[in-house]
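Fold and geometry: a report
Now for the letters of each chain:
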Amino acid sequence: MSVRRALVDCAVLSLQDSCVFYPCCKSCFSRIDTDQLDTTTRCRCSRCGYRCLRDQVDYRYRLSLWVTRDSCIFGVTVFGNSLNAFFGIHASELQKLVEHLEGPVEPATRSRLLVKAVRDCFIGRHFIFVLEMAELPPLGEQVAGSNPS
């Protein structure tokens, strides 16, 4: 099945969740569960088997948004380096700032402030998204081997 791309101008209504970045596999970009460690503090990707030390895990941006266009509301998830320009820094570097920055503000508070900043920067603004959709066969076109009854 082929993939079709479309440019769509949408207004952001809200965030679907508070995830701004996630630990990812350097090979396939899937989420790595950093809580499931073996005895040598290594992480393993359950999708492709990639392994690395916990402190070498990469992070990737992921913003899941509710957007509107022509009175339709739908979800859009934006991944990866396309968000570097909005944050001004790679996701791994931002994660280090949020989680490991020394100072009077706790990491949980920094995470909440990051989500608030994301809301303030994205909600109510228009963006042009590249949507990828699987092309479906035209209506009435039969699948090989199907019975037309």
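Overview of the structure. Keep in mind it's a predicted model, so treat the numbers as computed, not measured. (Residues numbered from 1 in each chain as written. Predicted model: local features only at pLDDT ≥ 70, side-chain atom pairs only at ≥ 80, totals over all residues. Heavy atoms only, no water.)

A word on the pairing of strand β5 (residues 58-69)
Going by this rule: Strands pair, by our definition, only if DSSP identifies at least two bridges between them. Working definition: helices are DSSP H or I runs of at least four residues, strands are E runs of at least two. Numbering for both runs from the N terminus.
As defined by bridge partners, strand β1 (residues 3-15) adjoins β5 across 4 bridges and the pair is classed as antiparallel. Residue pairing for β5: Val 12 is matched across the bridge by Val 67. Where strand β2 (residues 21-24) meets β5, 4 bridges bridge the pair, whose relative direction is antiparallel. Bridge assignment links Cys 24 to a residue of β5, and that residue is Asp 58.

Structural notes on the packing of aromatic side chains
Put simply, the test is: Two aromatic rings from Phe, Tyr or Trp, using only the six-membered ring of Trp, form a pair when their centres are within 6.5 Å; if the ring planes differ by under 30 degrees the pair is stacked, by over 60 it is edge-to-face, and anything between is tilted. Think of it as a cone above the ring: NZ of Lys or CZ of Arg counts as a charge over the ring if it is within 6 Å of the ring centre and within 35 degrees of the ring normal.
Counting across every chain of the model gives 8 aromatic pairs. Measuring from centroid to centroid gives 6.4 Å for Tyr 22 and Phe 79, while their planes differ by 90°, and the two rings are edge-to-face. Here Tyr 22, found in strand β2, pairs with Phe 79, found in strand β6 (residues 72-79); they are 57 residues apart in sequence, far enough to count as distant. Put simply, the rings of Tyr 61, Phe 86, Phe 87, Phe 122, Phe 127 and Phe 129 touch in pairs and so form one group of aromatic residues. The ring of Phe 29 carries Arg 60 above its face, with NZ or CZ at 4.5 Å from the centroid.

Structural notes on helix α2 (residues 91-100)
Worth spelling out the cut-off: Burial classes: relative accessible area under 20% of the type maximum marks a residue as buried, over 50% as exposed, and values in between as partly exposed (1.4 Å probe, protein chains only). Arc definition: directions from the helix axis to the C-beta atoms.
Buried residues of α2: Ala 91, Ser 92, Leu 94, Gln 95 and Val 98, and no others. Projected down its long axis, α2 shows its buried positions confined to an angular sector of 160°, all on one face.

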